[in-house]
Amino acid sequence: MRVLIVEDEARLARNIAQVLREEVSFAVDISNDGEDGQHMALTNPYDLIILDLMLPRVNGMDILRRLRAADNPAPVLVLTARDAPADMVAGLNAGGDDYLTKPFDMSVLVARCRALVRRSHGKPSAVVEAGPLKIDTVSHLVVYEDQSILLPALEYRLLEYLAMRQGAVVSKTELIEHLYGFEAENFSNVIEVYISSLRKRFDPDHRLIRTVRGQGYILGEAPA
Amino acid sequence: MKPLSLRWRLSLLVILVLIAGFAVIALVAYWEMDESMQRDARQTLAALMTAALGSPDESDSDAGIQAELESIVRATTRRESTRYRFWWDDQPARTGPVDSPETHEIFRQAMAAVEPPQVAQHIYCRVGRGKQAFGVVWARKTVRGRIFNVQVAYSNRYAYNEMREFRNIILILGGAVALATGIATSLVILAGLRPIGRTARIVANISARNMDRSHLDSLPVPGELKLFVQSLSDMLERLHLSMQAQRRFTADASHELRTPLAVAKSTLQAVRNRPRDAAEYEHAIDEVLLDLRRMERLVAQLLTLARLDNTPHIESPKTVRLDVVAAKAAAAETANLGAPERLALGTLAAVSVPGEEGLLTMMVGNLVRNALVHGPSGGTVTVSVEGDDGEVRLGVHDEGGAIPAGTIEKLFERFYRMDASRSCDTGGTGLGLALAREIARLHGGDVSLTSSPAGGTTFTVRLPRETPDTRT
């Protein structure tokens, strides 16, 4: 899951990014400025945007409105020091999905981020099932045939994303876009490496993670 | 007792004035008519008397005289308004005076008391009251050696009735008109006062939450109330603006306090998220200490502002050498920011002002800090103090470029930042200049700002100079 943090307090943004990255699921981009943040939000397929409202150059509320006007579906968590009910209502009405006032608890922020991502993919439960797999998005444990498996971070991130988009063909480009932030250097063949590693663990005959030639991958057992 | 309302007082006044007016008119008219009627009566009586005195010449017997008188009376007046009586002075006692057919007791009672006139003379008198009032003429004349008395009474009773009717009409009509005018006045005043009532109801519903001028703008008001409603509306607007400023200040203050708190908290929570090595912990602690310093400074400034807001004037001002304070504060502030080499001291005239040294130090410190942080990096900040007879001027100059004229006044607003983000990159609280201005004003002066690309930016504090009588 790729997250964008638009927050002008550089240290706050950095701290949030650190915690989210340590949560395995998230790849994080940071923008400390409204204009730059707006550009990033509009040109990249983020799974979640954490948006401060008081920003230099372009106001957070304007970014939110422009995102929704451009039909950008990314869930937005509004983050601000303003706690008046009218401000919360305005933020939600402008297209925000959730609201946190500063100062907040990191654990709450992380839980809300997970919930927003889950919801946006139509998965109400924190445990996502895919065929014989149970993926716990909180503990990042994967249960396969009554065995808990702790996957390496990027393998888990890849599996979680495929599970969220179960039944849909996900291209390699999409995977790269959603699993890595800007900072990461990536090459498309790493995806193939991770896929084959995952198959070795619980899908030796390629029935769970199938390759659609020329298009990408699809998670979900093929009809027999 | 509750005082009568303006409406009733005015209505009552109008009624009373009208009644008085009608009464005066009625009285004057009554007098005038009475007078003319009396004149008329006397003329009639004079004519009657002349004719009556001639009648014994025409006839010798009493019956003949009576017949003669009857004809005279019938010819000249209405019979029922005229009475007469005649007699001879030497007439035998058994024959009384001769009276007109409808005789009247006036001749027996009222006229009995009247002194008889001289022979060949006549007297006129009025007897009776109201409807029974008569004008009477008594004349005596010698006829063939005998003295003939004749009394003729004439009553203008019918005219009197007319007058009474006229008087009653005036009274009833006048009363009705006065009453109707009174009620109409009352209604007009009631309608005229209705906008006040409406305004009062609107004002009663205004509270701090919904205060602005729109409430009264749409209210239709008559001309004489326009100024009143207008000034009320203006007052609402002023209160609205100051409430807004207050609310903005509270929101800004909470933002300014929450942000460093959020940063500090996130730093600690992030570092606690996983086991870290000692260097990481140390780094986090240092960062949180920085946040705490920022909050500390902000809280101190907020508290100072709150204290200044509640201080109309300095309690016991002391003599403060402004040049000494300025040099010390500027040196301390530049050292604080680790740039003592950026400070230059200009003219420092030895002048004193009455005031509080701590506050003046804070004022100079804030201005110097502002110049150091917002002026060009590495640029020199020059502090100077000079004075003349009236005032003392403290200047803080930096080599910064022109500040747009529109933002100059805003710079002194609490929490104003040239950029909307309020980020703390510069380490400022956004209160420094506001505080400097408050302190200057508390000392009876003010801070102004001039800025040009060539001349740089100069903050000038003008304070009244200490005079012997301010030193108490």
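Definitions and cut-offs
Residues numbered from 1 in each chain as written. Chains lettered and ligands numbered in written order. Predicted model: local features only at pLDDT ≥ 70, side-chain atom pairs only at ≥ 80, totals over all residues. Heavy atoms only, no water. Pairing = 2+ DSSP bridges. Helix = DSSP H or I, 4+ residues; strand = E, 2+ residues; numbered from the N terminus. Contact = heavy atoms within 4.5 Å. Axes fitted to C-alpha atoms, helices over the stretch in contact; angles between N-to-C directions. Phe/Tyr/Trp six-rings, centres within 6.5 Å; stacked < 30°, edge-to-face > 60°. Buried < 20%, exposed > 50% of the residue type's maximum accessible area, 1.4 Å probe, protein only. Domains from an automatic or database assignment. Buried area = accessible area lost by both parts, 1.4 Å probe. Salt bridge = Lys/Arg side-chain N within 4 Å of Asp/Glu carboxyl O. Polar contact = N/O pair within 3.5 Å; in protein donor to acceptor, adjacent residues only side chain to side chain. Nonpolar A, V, L, I, M, F, W, Y, C, P; charged D, E, K, R; others polar.

A look at the sheet that holds strand 1 (residues 82-88) of chain B
Two modes of strand pairing occur in sheets, parallel and antiparallel, and in both the strands are linked by backbone hydrogen bonds.
Residues and elements named next belong to chain B.
So, step 1. With respect to topology, five strands assemble into an open sheet ordered 2-1-5-4-3, the strand pairing being antiparallel. If you trace the sheet from one side to the other, it starts and ends with strand 2 (98-99) and strand 3 (122-127), each paired once.
So, step 2. Sheet topology places strand 1 next to strand 5 (residues 146-154); seven bridges connect them, and they run antiparallel. Bridge pairing links Arg83 to Ala153 in strand 5.
So, step 3. Where helix 1 (residues 6-58) meets the sheet, its contacts fall on strand 1, strand 3, strand 4 (134-143) and strand 5, and the angle it forms with strand 5 comes to roughly 150 degrees.

Describing the packing of aromatic side chains
Here a ring pair, both rings aromatic, is described through the centre-centre distance and the interplanar angle of the planes.
Residues and elements named next belong to chain B.
So, step 1. The full count for this structure, using the stated rule, is six aromatic pairs over all chains.
So, step 2. Their ring planes at 45 degrees and their centres at 5.7 Å tell us that Phe86 and Phe148 sit as a pair that is tilted. Taken together, the residues Phe86 in strand 1 and Phe148 in strand 5 connect sequence positions 62 residues apart.
So, step 3. The exposure class assigned to Phe148 is buried, which follows from its relative accessible area of 0%.

With respect to the domain arrangement of chain B
So, step 1. As far as domains go, chain B holds domain 1 (6-161), domain 2 (223-306) and domain 3 (314-470).
So, step 2. A separation of 110 Å is found between the C-alpha centroids of domain 1 of chain B and domain 3 of chain B.

Some thoughts on the sheet that holds strand 9 (residues 381-387) of chain B
All names here are of chain B.
So, step 1. With mixed pairing, five strands are arranged side by side in an open sheet as 7-9-10-12-11. Both edges of this open sheet fall to strand 7 (343-348) and strand 11 (446-452), since each of them pairs with a single strand only. Adjacent strand axes in the sheet meet at a mean angle of 15 degrees when their direction is disregarded.
So, step 2. Taken together, the four bridges between strand 7 and strand 9 define a ladder with parallel strand orientation. Opposite Leu348, over in strand 9, you have Val385 as the bridge partner.
So, step 3. Helix 9 (residues 357-374) contacts strand 9, strand 10 (391-398), strand 11 and strand 12 (456-464) of the sheet and is inclined by roughly 25 degrees relative to strand 10.

Examining the domain arrangement of chain A
Residues and elements named next belong to chain A.
So, step 1. The assigned domain composition of chain A is domain 1 (2-120) and domain 2 (127-219).
So, step 2. Each side of the interface is counted separately: domain 1 has 16 residues, and domain 2 has 16 residues.
So, step 3. Together domain 1 and domain 2 conceal approximately 1400 Å² of surface at their shared face, both sides included; 52% is due to carbon and sulfur atoms.
So, step 4. It is Arg2, Val24 and Ser25 that lose the most area in domain 1 upon contact with domain 2, and together they represent 36% of the buried surface on that side.
So, step 5. The interface formed by domain 1 and domain 2 includes zero salt bridges.
So, step 6. Viewed at the interface, domain 2 and domain 1 are joined by 11 residue pairs in polar contact (both at pLDDT 80 or more).
So, step 7. At three residues, the largest contribution of residues to the side of domain 1 that touches domain 2 is made by strand 2 (residues 27-31).
So, step 8. For the side of domain 1 that touches domain 2, the per-class residue count stands at seven nonpolar, two polar and seven charged.

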